Amino acid sequence: MASPVITSISLSSLPKLASGKVRDLYVVDDQTLLFVTTDRISAYDVIMANGVPHKGAILTQISAHWFKVLTERAPDLKTHFLTLTPPPALRPEERDLVRGRSMQVRKLKIFPVEAIVRGYITGSAWKEYEKNGTVHGLPQPAGLKQCSPFPKPIYTPSTKAELGEHDENITPAEAAKIVGEKYAARIEELALRVYEAGAAYARERGIIIADTKFEFGLDEVTDEVVLVDEVLTPDSSRFWPADSYEEGRDQDSFDKQYLRNWLTEKGLKGKDGVEMPPEIAEATGARYQDAFRRLTGRTLEEALVGL
C-alpha cells in the first residue's frame, strides 16, 4: 500500500485549535473537535524531521478499535470518540486527505496529568529501581529483574508538559494536588482498569503491553471523567511480542523503542532536526503495522475500506 508520508496537514475549512507532536486539532463546533493524526514521530520528546509511512492511519484506527473493545469490556467507561467520518464542513480534497487518519471527538476539559500505568519494569522505571529500589519514588519489591512483571500493575503519573518541554514524573499524591483528590482517584482507578482490560485482550493476541500512557478529560456537564486522546497505541505504549519475552534483558518490540535504540546508538538522543534513514522509518512502520494486524485481526487496507 504505497502512499505519501504526511508530516504536515493544513485544513482551511476549519479553525485550528492546536498542534502537537503528532496530532493537529481543529474546531468543528462548540462541542466537537477533529483530531487529525499525521505521520510525524517523536522520540525522547523531540519530533523527527521525517515521518513513518501510514503511521497516522495506524494510530487512528488502533485507537478507534480500542474505544470499541474497552467500552464493551467496561460498560461504564466514557470516551471522547464520536466517529471516524470527517465533518461535512471539509472540502472534498480535505476529506480525502484526512480519510482514515482523523476522528471527531467530544470537546472536553483536559486534566493536566499523564496517567501512566506500568505492568512491567523497563525504561526509566528500571533505571530508577536499579539505583533506589523505587519507581516514581514508590518503593517496589526486591529482586525484580529488567522487564519483570510487577506483582500488580502500578500507577505512576507525570505532568503533562507543553510542546517542547519534558514531562516530569510525580507521585499519585502530587497528581491529586494538581487535579483534586476526587478526580485523581477516579483517573487512577480508570487507568488501572483500562490497562488491565487492554493488556488481557492484547495478550490473547500475542502482545504484551508493558506500560502505557492515558489521558483523561472532564465532562463538565455530567462531572464524569472521560478517556481521551489516543489509547493503547505503539506511540503511547510499549508492545512486546509474547512469544519471545524473557525477563532480564531488553525485549523486541512493536513500538518506537526501535527508533529510540537507533537514536541512542548514534548519539542522537534528544537532538533536534534528526532525519531517520529510510530503512529505520520503514522498519518502524512495519512494526506498527504488525501490531495493528495482531490487535485488530485486519490489515490497515481492510480497515480503511468504506471510510
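Data block above holds the structure.
These notes cover the structure that comes with them. (Residues numbered from 1 in each chain as written. Predicted model: local features only at pLDDT ≥ 70, side-chain atom pairs only at ≥ 80, totals over all residues. Heavy atoms only, no water.)

### Re the side chain of His80
- Here His80 shows up in the loop between α1 (55-73) and β6 (81-83).
- Accessibility expressed as a relative area gives 2% for His80, which makes it buried.
- At a separation of 3.2 Å, a polar atom in the side chain of His80 contacts the main-chain amide nitrogen of Asp229.
- Beyond its immediate chain neighbours, meaning those up to four positions away, His80 contacts Phe35, Phe67, Gln104, Val105, Arg106, Leu108, Val226, Leu227, Val228 and Asp229. (Helix = DSSP H or I, 4+ residues; strand = E, 2+ residues; numbered from the N terminus. Buried < 20%, exposed > 50% of the residue type's maximum accessible area, 1.4 Å probe, protein only. Polar contact = N/O pair within 3.5 Å; in protein donor to acceptor, adjacent residues only side chain to side chain. Contact = heavy atoms within 4.5 Å.)

### Considering unusual backbone geometry
- A positive phi angle, near 70 degrees, is found at Cys147, a position not held by glycine.
- With respect to the element layout, Cys147 can be found in the loop between β11 (138-139) and β12 (149-155).
- With a phi angle near 65 degrees, Asp223 is a residue other than glycine that sits in the positive phi range.
- Turning to its location among the elements, Asp223 is positioned in the loop between β14 (207-219) and β15 (224-228).

### As for the pattern of salt bridges
- As enumerated under the stated definition, the model contains 21 salt bridges in all.
- Where Lys21 meets Asp45, a salt bridge forms, and the shortest distance between an N and an O atom there is 2.8 Å. In this pair, Lys21 sits in the loop between β1 (16-19) and β2 (23-29) while Asp45 sits in the loop between β4 (42-43) and β5 (46-47), placing the two residues 24 residues apart along the sequence.
- Residue Lys21 is classed as partly exposed on the basis of its relative accessible area, which comes to 25%.
- Note that Asp211 and Arg118 form a salt bridge whose closest N and O atoms lie 3.8 Å from each other. Taken as a pair, Asp211 in strand β14 and Arg118 in strand β9 (residues 113-120) lie far apart in primary sequence, 93 residues in all. (Salt bridge = Lys/Arg side-chain N within 4 Å of Asp/Glu carboxyl O.)

### Quick look at the packing of α1 against helix α7 (residues 278-296)
- Remark: α1 packs on α7, axes separated minimally by 10 Å, with the N-to-C direction vectors making an angle of 25 degrees. With respect to α7, the element α1 is oriented roughly parallel. Crossing geometry of α1 relative to α7 is assigned as left-handed. Packed against α1, whose contacting residues are Lys55, Ile58, Leu59, Gln61, Ile62, His65 and Trp66, the element α7 presents Gly285, Tyr288, Gln289, Phe292, Leu295 and Thr296 at the interface. (Axes fitted to C-alpha atoms, helices over the stretch in contact; angles between N-to-C directions. Parallel < 35°, antiparallel > 145°, perpendicular 65-115°, else oblique. Left-handed = near helix turned anticlockwise from the far one by under 90°.)

### Some remarks on the packing of helix α6 (residues 257-265) against α7
- Running from amino to carboxyl end, α6 crosses α7 at an angle of 155 degrees, the nearest separation of the two axes being 9 Å. Classed by the angle they form, the pair α6 and α7 counts as roughly antiparallel. On the side of α6, the interface is formed by Tyr258, Leu259 and Trp262, while α7 contributes Ile280, Ala283, Thr284 and Arg287.
- Here the residues of the contact of α6 with α7 are counted per class, giving five nonpolar, one polar and one charged. (Nonpolar A, V, L, I, M, F, W, Y, C, P; charged D, E, K, R; others polar.)

### Description of the nonpolar core
- If you look at the biggest cluster of nonpolar residues, it comprises 75 residues, and the most contacted ones within it are Trp66, Phe214 and Phe216.
- Of all the elements, helix α5 (residues 181-203) adds the most residues to this core, at twelve residues.
- Here Trp66 is in contact with Gly198, Tyr201, Ala202, Ile209, Val231, Leu232 and Leu295, once residues within four sequence places are set aside.
- Core analysis: the second largest hydrophobic core is formed by nine residues, Ile6, Tyr26, Leu34 and Leu90 among them. (Core = buried A, V, L, I, M, F, W, Y, C linked by side-chain atoms within 4.5 Å.)

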